[in-house]
Amino acid sequence: METSLRTAWLVVVLLWPVALLNYLDRQMLATMKTSVTTDIPSIASDTDWGTLLASFKWVYAVFSPVGGYIADRVSRRGIILGSLFIWSAVTWATGQCRTYDEMLLTRGLMGLSEACYIPAALALIADFHSGATRSRAVGVHQMAIYAGIMVGGFSGYVADAPSLGWRWAFSMAGLAGMLYTLPLLWLLPTPPRAAAEASSGRGTSLRAVSGELMTNVNFVLLVACFTLPALAGWVVKDWMPATLKEQLQISQGAAGVTATLAPNIAALFGAAVGGWLADRWMQRTIRGRTFVSALGIGLLIPALLAVSFAHSIPVAAAILAVFGFGWGLFDCNNMPILAQIVRPQLRATGYGIMNFISISCGGGADYGFGMLRDLRVPLPMIFGVFASVALLSVLAMLRIRPQPELIRWETQPREEVEPEFSPPASGAPSTSRETT
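Reading the values: rules and limits
Each chain carries its own residue numbering, running from 1 in the direction its sequence is written. It should be noted that, the model being predicted, local features are given only for residues of pLDDT at least 70 and side-chain atom pairs only at 80 or more, the latter also being counted only at that level, while totals for whole chains, interfaces and linings use all residues. Calculated side-chain values reflect all of the structure's heavy atoms, with hydrogen atoms and water omitted. Each axis is a line fitted through C-alpha atoms, taken for helices only over the stretch in contact, and angles between the N-to-C directions span 0 to 180 degrees. Every helix listed is a DSSP run of H or I at least four residues long, and every strand listed is a run of E at least two residues long, numbered separately from the N terminus. Between 65 and 115 degrees an angle is taken as roughly perpendicular, under 35 as roughly parallel, over 145 as roughly antiparallel, and anywhere else as oblique. The crossing is said to be left-handed when, going from far helix to near helix, the turn is anticlockwise and less than a right angle, and right-handed when the turn is clockwise. The contact rule is simple, with two residues in contact once any of their heavy atoms fall within 4.5 Å. Amino acid classes used here: Ala, Val, Leu, Ile, Met, Phe, Trp, Tyr, Cys and Pro are nonpolar; Asp, Glu, Lys and Arg are charged; the rest, including Gly, are polar. Two kinds of site are reported from a 1 Å grid over the protein atoms alone, namely cavities, where a 1.4 Å probe fits but cannot get out, and pockets, open sets with protein on both sides within 12 Å along at least five of seven lines, and residues are called lining when an atom falls within 4 Å of a point. Grid points are joined across faces, edges and corners, and a volume is the space filled by probe spheres set on the points. Any Phe, Tyr or Trp ring, taking Trp's six-membered ring, that has another such ring centre within 6.5 Å forms a pair; planes under 30 degrees apart are called stacked, those over 60 apart edge-to-face, and the others tilted. Put simply, a salt bridge is a Lys or Arg side-chain nitrogen that is within 4 Å of an Asp or Glu carboxyl oxygen. Burial status follows relative accessibility: with a 1.4 Å probe on protein chains alone, a residue under 20% of its type maximum counts as buried, one over 50% as exposed, and anything between as partly exposed.

Caption draft 1: Broad picture of the packing of helix α14 (residues 288–307) against helix α15 (residues 313–331). Relative orientation of the contacting elements α14 and α15 amounts to 160°, with a least axis distance of 7 Å. By the angle class used here, α14 and α15 are roughly antiparallel. Of the two possible hands of crossing, α14 and α15 adopt the one that is left-handed. Residues Val 292, Ser 293, Leu 295, Gly 296, Ile 297, Leu 299, Leu 300, Ala 303, Leu 304, Ala 306 and Val 307 of α14 form the contact with α15, whose participating residues are Ile 319, Leu 320, Val 322, Phe 323, Phe 325, Gly 326, Trp 327, Leu 329 and Phe 330. Each residue belonging to the contact of α14 with α15 can be placed in one class, and the counts come to 17 nonpolar, three polar and no charged.

This is how it looks when you write it as structure tokens:
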């Protein structure tokens, strides 16, 4: 068991740089708006810029269920390796773009190639980690995402440097990802045989899998909880650097660092605290993870209401830190909650569907934010709408009921083969006691 636990944490350690690059490569563009639009004049308006940001999300969203489905049926490890290499090559190619249409193409290709990673990676972590460490393991992995966003925040300074520039940043990030594929190919372990068999989706069509998931009430509620806060999350990630630059009258570099460093340092702590707290709370009630997630979403609301009134860097950083800490509590528990309400055979596909719906809506939020800014709609009104949507998500999260038969599997040793069971398709709350 000790060897098995070491291998389980080795998976998280090896995937940490991959998750960092996954978000670094997509985040850099948001912090380089001034440099990119100056260098490529055919990006002519905020609506064009919003379309660039949204195009990644729409393609990413469409292919997330497909990537998750393939990971459930074929090889989560293989999907991770292929995804990393291809999106890194596309990142390098982004640095060579000369027109708006070329940028639009590379953003779409990046969305396609990155779509496969997160569902496969989180499902692989769930294969190796039992319920006793699952939230913490996912939380550590998600910390790499926040680190990637923070590193991406400094890319505004790289773009401003005459000897470097935005093209150099994309080229170097792409090369780093392609090179890391080589050691990962040799070191990333395959899932334990029992876990691999338990999570195999062989013989089940995507249509049948999607039908089972979308008739599960608990899964539908989780999709809503995953989507509604993400509308604000994507806008904060993609538009906050440019918003703070205009609102506080500061440089592109300072705005990028403030907009990414404060919320993501806080999110690092939030993920660590959220994973530990959820695993502990699970010892008292099977709803422990949903309670921690609801608490995290609740912290987003005051931050969204206050951010448009910030008139200094310290105040903006403090408000965004509250947002980030709440996001960390929420983000580290999505896959662990999913594992409590759907069969293991559906984990990657389920997360892919969640990504599809959430990021499709997130792309619309990016586009809509740009359009509203062009129309001069006041920022407090825009962020007030996002805060109201987050409140709805808190209420939905509190209605999710984990299934006791899935909780029992979490407490079994990893070497045991998972029993075949079919949780109620309707996802109706169980009448069993909620204490473990």
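Caption draft 2: View of empty space enclosed by the protein. Counted by the stated rule, this structure contains seven cavities of 30 Å³ or more. Estimates place the volume of the largest cavity at around 230 Å³. Along the walls of the largest cavity sit 19 residues, with Tyr 23, Phe 226, Trp 327, Asp 331 and Asn 355 positioned nearest its centre. Within the residue set of the lining of the largest cavity, elements represented by two or more residues are α7 (134–153), α12 (217–248), α15 and α17 (347–374).

Caption draft 3: Highlighting the packing of aromatic side chains. By the definition in use, this model includes nine aromatic pairs. Ring pairs connect the aromatic residues Trp 239, Phe 369 and Phe 383, which therefore count as one cluster.

Caption draft 4: Local environment of the pattern of salt bridges. The tally for this structure, following the rule as stated, stands at seven salt bridges. Between Asp 72 and Arg 76 there is a salt bridge whose closest N-O contact spans 2.5 Å. Look at Asp 72 and you get buried, because its relative accessible area is 4%. For Arg 76, a relative accessible area of 5% corresponds to the buried category.

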